[in-house]
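Commentary on secondary and tertiary structure
Given next are the chains, with one letter for each unit.
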Amino acid sequence: MKNGKLMVAPAMLWLSIFFVIPLLIVVAVSFAGRTPYGQIIFEFTTDNYLRFLEPLYLQIFADTLIVAVITTVATIIMGYPLAYFIARLPKKWQQPGLILVMIPFWINFLIRSYAWVIILRTQGVVNTLLMKLGLIDQPLQMLYNDAAVMLGMIYALLPFMVLPIYVSIEQLDLRLLEAASDLGASPLTAFRKITLPLTMPGIAAGTILVFISSLGMFVVPDVMGGAKSALIGNLIQNQFLAARDWPFGSALSIVLAVMSLVLIILYYRALQSQEGGKADAKDVA
Amino acid sequence: MQTKFFMKGCDNKKMEEMIRLQGITKKYGNNLIIPNLDLTIYDGEFLTLLGPSGCGKTTLLRMIAGLDTPTTGKIYLDDEDVTNKPPYKRDVNMVFQHYALFPHMTVEENIKFGLMMKKVPAEEQKERVAQVLYLTQLEEFRNRRPQQMSGGQQQRVAIARALVNNPKVLLLDEPLGALDYQLRKNLQLELKNLQRGLGLTFIYVTHDQEEALTMSDRIVVMNKGVIEQDDDPDTIYHYPNTRFVAKFIGESNFFESDNETLVIRPEKLNLCPEYEDEAAEKTHPEPGYYGTVVDVVFYGTIDKVFIRLDNSNQTVVAYQYFDDVKRWSPDERVGIWWYAKDEVRVTR
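A brief look at the structure comes next.

Calculation notes
Residues numbered from 1 in each chain as written. Chains lettered and ligands numbered in written order. Predicted model: local features only at pLDDT ≥ 70, side-chain atom pairs only at ≥ 80, totals over all residues. Heavy atoms only, no water. Pairing = 2+ DSSP bridges. Helix = DSSP H or I, 4+ residues; strand = E, 2+ residues; numbered from the N terminus. Axes fitted to C-alpha atoms, helices over the stretch in contact; angles between N-to-C directions. Buried < 20%, exposed > 50% of the residue type's maximum accessible area, 1.4 Å probe, protein only. Salt bridge = Lys/Arg side-chain N within 4 Å of Asp/Glu carboxyl O. Contact = heavy atoms within 4.5 Å. Polar contact = N/O pair within 3.5 Å; in protein donor to acceptor, adjacent residues only side chain to side chain. Phe/Tyr/Trp six-rings, centres within 6.5 Å; stacked < 30°, edge-to-face > 60°. Lys NZ or Arg CZ within 6 Å of the ring centre and 35° of its normal. Buried area = accessible area lost by both parts, 1.4 Å probe.

Once that is clear, we can look at the sheet that holds strand β18 (residues 344-346) of chain B. Residues and elements named next belong to chain B. In spatial order, the strands read β11-β12-β18; together these three strands make up an open sheet with antiparallel pairing. With partners counted over all chains shown, the strands left at the sheet margins are β11 (253-256) and β18, one partner each. The sheet shows a mean angle of 35° between the axes of neighbouring strands, direction not considered. As defined by bridge partners, strand β12 (residues 261-264) adjoins β18 across three bridges and the pair is classed as antiparallel. Of the residues in β18, the one forming a bridge with T261 is V346.

Written out as structure tokens, the structure is:
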């Protein structure tokens, strides 16, 4: 055991230098003050956290939550059928299917966001095509609104939903569905009573991934939402870059991190209560 | 010798047809699994489909359940054509080889599933679940999850889950295959008693000939999708129709002649010394074959004596019980004889 502890020492060191210490700095800064020119003064204050409670910021926070919830729900609705379809393909087609889902990751996310701009802007691909076809006289305003932000978020995060759900569907024992059918369940009922509950862990994992990622997302609102839509990610970015208010930015970051942490803890709790049964099984045997 | 006693144990009941398979064929791609098969199964009988793996017995069972469809042919259940009915509309239930219990439900919820699907009133559900829990001795486990139970207990849940629906036919796909020997023995008896008590039609698939012989009213021996023999266990064992059946069920010795083969079970082979005392009274026919003992293996109740026949490389086996005077040892010369009534002729 002693050797085991030594073995993890480098990893622990690495974690401390690159993860724990920066995090502690952020925590420290979030309780600090600053000069009008943006210099940090180390004095203990909770002002930064209190400022977060101002209506303007609470509004941004609420908007962010709404966008995150909608994104998550939309990726579940779109991702589940896709994952199901891939998992039910013949074995040799599953791998290519998954690669198609993942290919976008090979291209920088910022560039992919600008690609959407090229497609959707007033002189963009879609508008030009529709005008040439004579379907519209005036270009449609498809960018720089909430819908564009939603589109960008769903596009960016869909793979994070598809992959965990795919894994859970792929692992599902098909004989259970045969048994359900044998016991009188129509395909739809079997899906509701067997497939859905047993693939819940996949949905939960995807939800955590998508929800937390969309809470911190700032590229999409920036590029596709224009100046109008600000989410908490943009707010934090602004504090650090434009407003030079590092203490407030740190406080916002901590709030976001704590929220994510709470969600992850809830997720593991739910998972453990499901597997609690399995732990008991060992006692029986 | 071919009299059929299908309904042993319940011969007071009329032989009513329960399932009829008519001209069944099954192809997977270019693979012909079942060339052409007819079979009738009667109400209340314990029928076993017996054969090596890949002989089509499980496919046949799945077709009756509706989980597979025949390429051609018809399936009748209680005089109704169910060939194209999906499994959830057929009044049969299956006990799966690996149980296929729902891991996210308790034992009770697993058992109740079929009743819920059929929208049985809640009161009746409770009653029927309580009944099968009692029948399968699972009452104390009702709130357990399947993963928390042993293989034998899971097996009971699988049977209870199927039985509670009161199906016309219970289909069992090697239900005891995953259990250890002793447990299998016990459950074989339990299953047989259950079937007798309920008077239900059981169709049981196994590759275990011993299991088939002990449990069945009737055995259908299958090989390469073809029925080799369809008889009661006694007839199957003592009067095999084909070489395959004789080989697959129990041990057999084959004595070839020009156009037929004699099959003689090892317990029917009698041994005597090559040269017997002239003075001793002849109590048996002249030995038909002579040979040399190669090996003697002790099996508890019997000795298995392996003998190489003279003038051929063939080895035969004879069971010797210890009430016989002599115990044989290797290299001894031996004469082999049997009674004419114990020989069975097969042509293929």
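The next subject is the sheet that holds strand β14 (residues 289-298) of chain B. All names here are of chain B. Read from one edge of the open sheet, five strands run β13-β17-β14-β15-β16, paired in antiparallel fashion. At either end of the open sheet lies a strand with only one pairing partner, and these are β13 (270-273) and β16 (315-320). The average angle at which neighbouring strand axes cross in this sheet is 45°, direction not considered. Sheet analysis places strand β15 (residues 303-309) next to β16, joined by six bridges and oriented antiparallel. Each residue of the ladder has a partner; that of I307, found in β16, is V316.

With that settled, consider unusual backbone geometry. All names here are of chain A. Even without a glycine there, the phi angle at Y144 is positive, about 55°. With respect to the helices, strands and loops of the structure, Y144 is situated in the loop between α6 (125-132) and α7 (146-171). The backbone of R244 shows a phi angle near 50°, a positive value even though the residue is not glycine. With respect to the secondary-structure elements, R244 resides in the loop between α12 (232-241) and α13 (246-284). R244 gets classed as partly exposed once you look at its relative accessible area, which sits at 44%.

The next thing to look at is the pattern of salt bridges. All told, the structure shown has 26 salt bridges over all chains when counted by the stated rule. Among the salt bridges present, the one from K91 of chain A reaches E170 of chain A, with a minimum N-O distance of 3.0 Å. Separated by 79 residues along the polypeptide, K91 of chain A in helix α4 (residues 91-102) and E170 of chain A in helix α7 bring together distant segments of the chain. Between R218 of chain B and D230 of chain B there is a salt bridge; the shortest N-O distance is 2.9 Å. Linking R218 of chain B in strand β9 (residues 218-223) with D230 of chain B in strand β10 (residues 226-231), this pair joins segments that are 12 residues apart in sequence. Considered together, R218 of chain B and D230 of chain B belong to a single accessibility category, that of buried residues.

Okay, the environment of T48 of chain B next. All names here are of chain B. Position of T48 relative to the elements: it lies in strand β3 (residues 46-50). With relative accessibility at 0%, the residue T48 sits in the buried group. Between the C-alpha atom of T48 and that of V205, which follows or precedes it by 157 residues, the distance is 5.7 Å. Beyond its immediate sequence surroundings of up to four residues, T48 is in contact with Y204, T206, A212, S216, R218, I219 and V220. For T48, the side chain forms a polar contact with the side chain of S216, separated by 2.5 Å.

The full count for this structure, using the stated rule, is 19 aromatic pairs over all chains. When the centroid spacing of 6.1 Å and the interplanar angle of 75° are considered together, the rings of Y84 of chain A and F191 of chain A count as edge-to-face. Pair noted here: Y84 of chain A is in helix α3 (residues 55-87) and F191 of chain A is in helix α9 (residues 187-198), with a separation of 107 residues, a long-range link. Residue Y84 of chain A is classed as partly exposed on the basis of its relative accessible area, which comes to 26%. An aromatic cluster of at least three residues, connected via ring pairs, comprises F31, F44 and Y49 of chain A. Seen from the ring of Y84 of chain A, R88 of chain A lies directly overhead, with NZ or CZ sitting 5.0 Å from the centre. When the ring centre of F102 of chain B is taken as origin, the NZ or CZ atom of R161 of chain B, which lies over that ring, is 4.7 Å away.

Neither face of β12 of chain B is open: one carries T261 and V263 of chain B, the other L262 and I264 of chain B, and all of them are buried. The hairpin formed by β11 of chain B and β12 of chain B contains four residues between the paired strands.

Turning our attention to the interface of chain A and chain B. Taken together, the contact between chain A and chain B spans 22 residues of the former and 26 residues of the latter. Here chain A packs against chain B, burying approximately 2100 Å² in sum over the two surfaces, 67% of which is carbon and sulfur. By the criterion of area lost to chain B, the three top residues of chain A are E178, D182 and L183 of chain A, representing 32% of everything that side buries. Here E178 of chain A and R62 of chain B are joined by a salt bridge, their closest N and O atoms 2.6 Å apart. Between chain A and chain B we count five residue pairs in polar contact (both at pLDDT 80 or more) in total. Where the side of chain A that touches chain B is concerned, the elements lending two or more residues are α8 (174-182), α9 and α13 of chain A.

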